[in-house]
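Residue strings, one per chain:
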Amino acid sequence: MNEIIDGLYREGEPIADTKAPDGPIEKRWERRRFEAKLVNPANRRKLEIIVVGTGLAGSSASATLGEAGYQVKAFYYQDSARRAHSIAAQGGINAAKNYKEDGDSVFRLFYDTVKGGDYRSRESNVYRLAEVSASIIDQCVAQGVPFAREYGGYLDTRSFGGVQVSRTFYARGQTGQQLLIGAYQALSRQVAAGTVTEYSRHEMLELIVVDGKARGIVARDMVTGEIETHLADAVVLATGGYGNVFFLSTNAMGCNVTAAWRAHRKGAHFANPCFTQIHPTCIPVSGDHQSKLTLMSESLRNDGRIWVPQRAEDCPKDPREIGEADRDYYLERIYPSFGNLVPRDIASRAAKNVCDSGRGVGPGGKGVYLDFADAIERLGRGAVEAKYGNLFDMYARITGENPYETPMRIYPAVHYTMGGLWVDYDLQSSIPGLFVAGEANFSDHGANRLGASALMQGLADGYFVLPNTIRDYLASGPYPAVDEDHPEVVAAIESVTTRLTTLLSRRGTRSVDSYHRELGHIMWEYCGMSRTEEGLRTAIDAIRELRTEYWENVNVPGTGESLNQSLERAGRVADFLELGELMCIDALHRRESCGGHFRAESQTPEGEALRDDENYAYVAAWEWGGEAGLPVLHKEGLEYDYVEMKQRSYK
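Residues numbered from 1 in each chain as written. Predicted model: local features only at pLDDT ≥ 70, side-chain atom pairs only at ≥ 80, totals over all residues. Heavy atoms only, no water.

Caption draft 1: Region of interest: the packing of aromatic side chains. In total, this model carries 24 aromatic pairs according to the counting rule given. With a centroid separation of 5.0 Å and an interplanar angle of 20°, the aromatic rings of Tyr-473 and Tyr-479 are classed as stacked. Using a relative accessible area of 14% as the deciding quantity, one classes Tyr-479 as buried. Directly above the aromatic system of Tyr-404 lies the positively charged group of Arg-381, at a separation of 3.9 Å from the ring centroid. (Phe/Tyr/Trp six-rings, centres within 6.5 Å; stacked < 30°, edge-to-face > 60°. Buried < 20%, exposed > 50% of the residue type's maximum accessible area, 1.4 Å probe, protein only. Lys NZ or Arg CZ within 6 Å of the ring centre and 35° of its normal.)

Caption draft 2: Region of the structure containing the pairing of strand β18 (residues 408–417). Burial of β18 is extensive: ten of the ten residues sit out of reach of the surface. Note that strand β14 (residues 276–282) and β18 share five bridges and pair antiparallel. Looking at the pairing, His-279 lines up with Ala-413 of β18. Across three bridges, the pairing between strand β17 (residues 368–371) and β18 is antiparallel. In the strand pairing of β18, Val-368 is matched with Ile-410. (Helix = DSSP H or I, 4+ residues; strand = E, 2+ residues; numbered from the N terminus. Pairing = 2+ DSSP bridges.)

Caption draft 3: Summary view of the environment of Tyr-329. On the secondary structure map, Tyr-329 appears in the loop between β16 (327–328) and α8 (330–334). Taking the C-alpha atoms as reference points, Tyr-329 and Asp-472, separated by 143 residues in sequence, lie 53 Å from one another. Beyond its immediate stretch of four places on either side in the chain, Tyr-329 contacts Arg-305, Ile-306, Trp-307 and Glu-324. (Contact = heavy atoms within 4.5 Å.)

Caption draft 4: Main features of helix α5 (residues 123–143). Here α5 spans 30 Å end to end across 21 residues, near enough to the 30 Å set by a 1.5 Å rise per residue. A maximum bend of about 35° is found in α5 at Ser-133. In the segment just after α5, Gly-144 is the residue with positive phi, at about 95°. (Expected span 1.5 Å × (residues − 1). Bend = angle between axes of the 7 residues up to and from the residue.)

Caption draft 5: Quick peek at the sheet that holds β17. Taking strand neighbours across the sheet as the criterion, the five strands line up as β14-β18-β17-β15-β16 in an open arrangement whose pairing is antiparallel. The sheet terminates laterally at β14 and β16, the two strands that pair on one side only. Pairing of strand β15 (residues 305–309) with β17, which is carried by three bridges, proceeds in the antiparallel orientation. Residue pairing in the sheet places Trp-307 in a bridge with Tyr-369 of β17.

Caption draft 6: Quick look at the domain arrangement of the chain. What the domain assignment lists for the chain is domain 1 (4–275 + 418–475), domain 2 (280–414) and domain 3 (487–619). If you look at the interface, domain 2 gives eleven residues, while domain 3 gives eight residues. Roughly 790 Å² is buried in total at the junction of domain 2 and domain 3, and carbon and sulfur atoms are behind 57% of that figure. Summed over the shared surface of domain 2 and domain 3, the result is zero salt bridges. For the pair domain 2 and domain 3, the number of links is three residue pairs in polar contact (both at pLDDT 80 or more). When contributions to the side of domain 2 that touches domain 3 are tallied by element, the ones reaching two or more residues are α9 (344–359) and β18. The dominant element in the side of domain 2 that touches domain 3, judged by the number of residues it contributes, is α9, at five residues. A breakdown of the residues in the side of domain 2 that touches domain 3 according to their chemical character gives five nonpolar, two polar and four charged. (Domains from an automatic or database assignment. Buried area = accessible area lost by both parts, 1.4 Å probe. Salt bridge = Lys/Arg side-chain N within 4 Å of Asp/Glu carboxyl O. Polar contact = N/O pair within 3.5 Å; in protein donor to acceptor, adjacent residues only side chain to side chain. Nonpolar A, V, L, I, M, F, W, Y, C, P; charged D, E, K, R; others polar.)

Caption draft 7: Highlighting the pattern of salt bridges. This model, assessed by the stated rule, comprises 59 salt bridges. Among the salt bridges present, the one from Asp-303 reaches Arg-378, with a minimum N-O distance of 3.0 Å. Of the two residues, Asp-303 sits in the loop between β14 and β15 while Arg-378 sits in helix α10 (residues 373–379), which places them 75 residues apart along the sequence. Overall, the relative accessible area of 55% leaves Arg-378 in the exposed class. One salt bridge connects Asp-303 with Lys-387, and the closest N-O pair in it is separated by 3.2 Å. Of the two residues, Asp-303 is situated in the loop between β14 and β15 and Lys-387 in helix α11 (residues 381–399); the sequence distance between them amounts to 84 residues. Among the ionic contacts, a cluster of salt bridges with common partners joins Asp-118, Arg-120, Asp-345, Arg-349, Arg-590, Glu-592, Arg-611, Asp-613 and Arg-648.

Caption draft 8: Looking closely at the nonpolar core. Counting residues in hydrophobic clusters, the biggest one holds 182 residues, and the most contacted among them are Ile-93, Leu-207, Leu-237 and Tyr-550. Residues in contact with Leu-207, not counting those within four places in the same chain, are Ala-214, Gly-216, Ile-217, Val-235, Ala-263, Lys-266, Ile-431 and Leu-434. (Core = buried A, V, L, I, M, F, W, Y, C linked by side-chain atoms within 4.5 Å.)

Caption draft 9: Layout of helix α16 (residues 565–589). With 25 residues, α16 should reach 36 Å at 1.5 Å per residue; the first-to-last C-alpha distance of 36 Å fits that figure. Of all 25 residues that make up α16, 22 are buried, and the element is covered over most of its length. In this structure Asn-564 caps α16, since a side-chain oxygen of it lies 3.2 Å from the backbone nitrogen of Ser-566.

Written out as structure tokens, the structure is:
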């Protein structure tokens, strides 16, 4: 192995062991929990765990580990743990409760998730996710999360894309907010109990690896500028996704890849980086002044109907003046079985196709209509308001249009990243002692995430999976104490200090944001909804040139001894520039279409994604090749014993 491929990367040894138990799939998680070694309560008090990030995965993990008796240090760059980006999630959380008696089950949720991920996820991980989903709802109800209820008091559910059952629990359009507050309450309880110590306004800038194991982090106090070392027996990263590599995305402006990328540079494999989800229901771009985009919940597709005019000459008209016969409800026409509830990748490409054909609406022809006229007539305005009122209000404030009277305009935008740090069945990365939870890992969604699955994975990892698997690693200790004068600790601090000093010494002519915007344009143009070999090669060359210029000509004002948001952004964009190149290399090497990764050269006659299972049924786990070296590709083969691999069809 180690052959240079295409001049862009080397191929390394395959990944042979993911620690997933064998045997019947419904018994694997139970078996793994039993086989994982225990840590007795007295010893837990002596063990320290660092958790970076306090979104759903991080807060739930910190709270659960703290309640178990470990000493937990929780780091986040916001001023409050409850300002993590999980709070922005709107539509709902999946669970196989089958309250509607419509045929749902653990196996059906497992099947829908594997199929929705276009057969590029692990069976064992996905089944475990489906298995613990019901416990998540019980946990959250016990915490007081105000899920919507039917008239009789039972929890209500609705449908999301890619399924034909009603399994999505919700709290109006504020599900992420309510779930995060529940996890935050659990976290705060452990802070008060003394088992969790919070470090607000701290950003992780380096991973400390001693004797091949993750033993701590280097963090910067974002208020004072002080560089701090924090040591522990294990480190958990729960730092979310990297969608902001595209500059314009539905992510909060602070979302970044730095913690995960620093770990990657220390030896953690980065898996499937090109698997990016484009969400179909975003408020369209309105101009170059924007720094982020606003998502409209996928739950709106339950009652809203998506359409464009039949004729391009009707696009400038007021939509209320376009009759039914002159409308093309294209999702209902092309996919009659699922209609407006097809998975996100399919809905997004379909919207792009009709807009590219000249039938897009709104400024620049980059929009389609999401129309609630039928729902209001059928259910009454009051019922629609009760379900979606806060979402409608948000749309009206942003656009100045009343969606009760005029159809919403939506267009696809970057939303979620299925790729992330590679982890095994225990959620442990390729660096022993480094665990990764939630969107920061790659493990459950394959090439496309079904709606309402992100909240499910974050809470599953934090409440139920990680606390059961990390103990197996910790029980193998105790690990020798690490002093702050250890050579690896000193080297990590020097690396951070040198990097910050170098950035602050740059007094060029361009702002950090201008480089970020240019990178985002390259990524969206060549590694967005559709990718080609020619375009990806163009992107790789352009990113390399941009990165070289960045380190020569960026302007980073201020100092490092105090609050300096320009410095924060400069480090994050530097990491995005490296990540962007790897995403394009990953997309180039995968000469197939699957889920959110659509290679124009690989499609069916009907324009659907065409997989190549013979050559690409694997996880692509990339190893850092060094500053001057090439990334190394390690393949983890995917095998399906319980789901038949076949061409996805939602027709």
